[in-house]
Amino acid sequence: MRWPGKGIIHQNKYTLFYSGNETGKHEFGTGFYVTKRMMDNVIDFKPYNERICMLRIKTKFYNVTLISAHAPTEEKSEEVKEIFYNQLENIFDSILIHVMKIILGDFNAKVGKEDFLAPTCGKHGSHDITNDNGKKMVEFAIGRNLIVGGTWFPHKNIHKETWRSPNGLTTNQIDHILMDRRHSSAVNYIRSLRGADVGSDHYLVRAKIRVKIAKANKQERNRQIKWDTDRLEDGTISEE
């Protein structure tokens, strides 16, 4: 997001939830765009820091918890990476077991096709060798019984890659969607969208997930307020 501070901004067609740093610098930052028709299903938003925030959505049979994450880049120190994954682990472990859990993240992680990645990763990633960030992400996924969703769907490489270098010569698949294995069958497909203009060197990554959205209780929302008219018998209140 690259926005400092934390907050919620309501617009006509969507609401923006954002979580940035407290230093005032326009760097890092995570967040969510939620369309107007989905706002009645938002249960809670928790902005933790510039690298992690969480949104809870109400659905018909179970709730969905979405975590937006931005991991340190490959050249960052081990200490910085450990702090990030310790925070992510603590937040993830605080979520109830029966909830559908999805982590949407710029993990700066390349996932290869090595045998040790199975069954957490599929064979359809765009890389052959896993980098250090990829190993850390997979270790986290294994420990929480998650799958790396984008590696399970066969696409052309141009629909797997999520980042392009400034000179346009290098592309990588470093943005990932992690999903708890218990609900992984609800994912129809995951792919990147190269044509979307988002003002970034990253491509959008789309996941289609089959889930029934809970209908908002319109009667409750439109219920008239019952005023305590008996208080008007007090002369002071009546005059006021």
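First, a word on what this report is: a plain description of the structure on this page. (Residues numbered from 1 in each chain as written. Predicted model: local features only at pLDDT ≥ 70, side-chain atom pairs only at ≥ 80, totals over all residues. Heavy atoms only, no water.)

1. Points about the sheet that holds strand S2 (residues 14-19)
Reasoning step 1: The 3 strands are arranged S1-S2-S3 in an open sheet whose pairing can be described as antiparallel. A strand with exactly one partner marks an edge of an open sheet, and here the two such strands are strand S1 (6-10) and strand S3 (30-35). Taken pair by pair, the neighbouring strands of this sheet meet at an average axis angle of 10°, ignoring direction.
Reasoning step 2: Note: S1 against S2, 5 bridges, orientation antiparallel. Residue pairing in the sheet places His 10 in a bridge with Thr 15 of S2. (Pairing = 2+ DSSP bridges. Helix = DSSP H or I, 4+ residues; strand = E, 2+ residues; numbered from the N terminus. Axes fitted to C-alpha atoms, helices over the stretch in contact; angles between N-to-C directions.)

2. Looking at the packing of helix H1 (residues 78-93) against helix H2 (residues 132-143)
The packing of two helices is summarised by the inter-axis angle and the distance between the axes.
Reasoning step 1: Taken N-terminus to C-terminus, the directions of H1 and H2 make an angle of 20°; their axes are 11 Å apart at the nearest point. Taken together, the axes of H1 and H2 lie roughly parallel to each other. Where H1 crosses over H2, the handedness of that crossing is right-handed. Here Glu 78, Lys 81, Glu 82, Tyr 85, Leu 88, Glu 89 and Phe 92 of H1 come into contact with H2, specifically with Asp 132, Asn 133, Lys 136, Met 137 and Phe 140.
Reasoning step 2: Class assignment for the residues of the contact of H1 with H2 results in 5 nonpolar, 1 polar and 6 charged. (Parallel < 35°, antiparallel > 145°, perpendicular 65-115°, else oblique. Left-handed = near helix turned anticlockwise from the far one by under 90°. Contact = heavy atoms within 4.5 Å. Nonpolar A, V, L, I, M, F, W, Y, C, P; charged D, E, K, R; others polar.)

3. A closer look at the nonpolar core
Reasoning step 1: Judged by nonpolar contacts, the single largest core of 25 residues is most densely connected at Ile 67, Leu 88, Ile 103 and Phe 107.
Reasoning step 2: Only strand S5 (52-57), strand S6 (64-70), H1, H2 and strand S8 (146-148) provide two or more residues apiece to this core.
Reasoning step 3: With 5 residues, H1 is the single largest residue contributor to this core.
Reasoning step 4: When neighbours within four sequence positions are excluded, Leu 88 is seen to be in contact with Ile 52, Ile 67, Ile 103, Phe 107 and Phe 140. (Core = buried A, V, L, I, M, F, W, Y, C linked by side-chain atoms within 4.5 Å. Buried < 20%, exposed > 50% of the residue type's maximum accessible area, 1.4 Å probe, protein only.)

4. Describing the pairing of strand S7 (residues 100-106)
Reasoning step 1: Burial of S7 is extensive: 6 of the 7 residues sit out of reach of the surface.
Reasoning step 2: Direction of pairing for S6 relative to S7: parallel, over a ladder of 7 bridges. Residue pairing across strands places Leu 66 opposite Ile 102, the latter belonging to S7.
Reasoning step 3: With respect to chirality, the unit in which S6 leads through H1 into the neighbouring parallel S7 is right-handed.
Reasoning step 4: Sheet analysis places S7 next to strand S11 (residues 175-180), joined by 5 bridges and oriented antiparallel. Bridged to Ile 102 within S11 is Met 179. (Right-handed = clockwise from strand over helix to strand, strands pointing away.)

5. Details of the pattern of salt bridges
Reasoning step 1: Inspection of every chain in the model, using the stated rule, returns 7 salt bridges.
Reasoning step 2: Between Asp 93 and Arg 144 there is a salt bridge, with its nearest N and O atoms 2.7 Å apart. Separated by 51 residues along the polypeptide, Asp 93 in helix H1 and Arg 144 in the loop between H2 and S8 bring together distant segments of the chain.
Reasoning step 3: According to the relative accessible area criterion, Asp 93 is partly exposed, its value standing at 48%.
Reasoning step 4: Residue class for Arg 144 comes out partly exposed when judged on its relative accessible area of 22%.
Reasoning step 5: A salt bridge links Asp 115 to Lys 123; the shortest N-O distance between them is 3.6 Å.
Reasoning step 6: For Lys 123, a relative accessible area of 46% translates into the label partly exposed. (Salt bridge = Lys/Arg side-chain N within 4 Å of Asp/Glu carboxyl O.)

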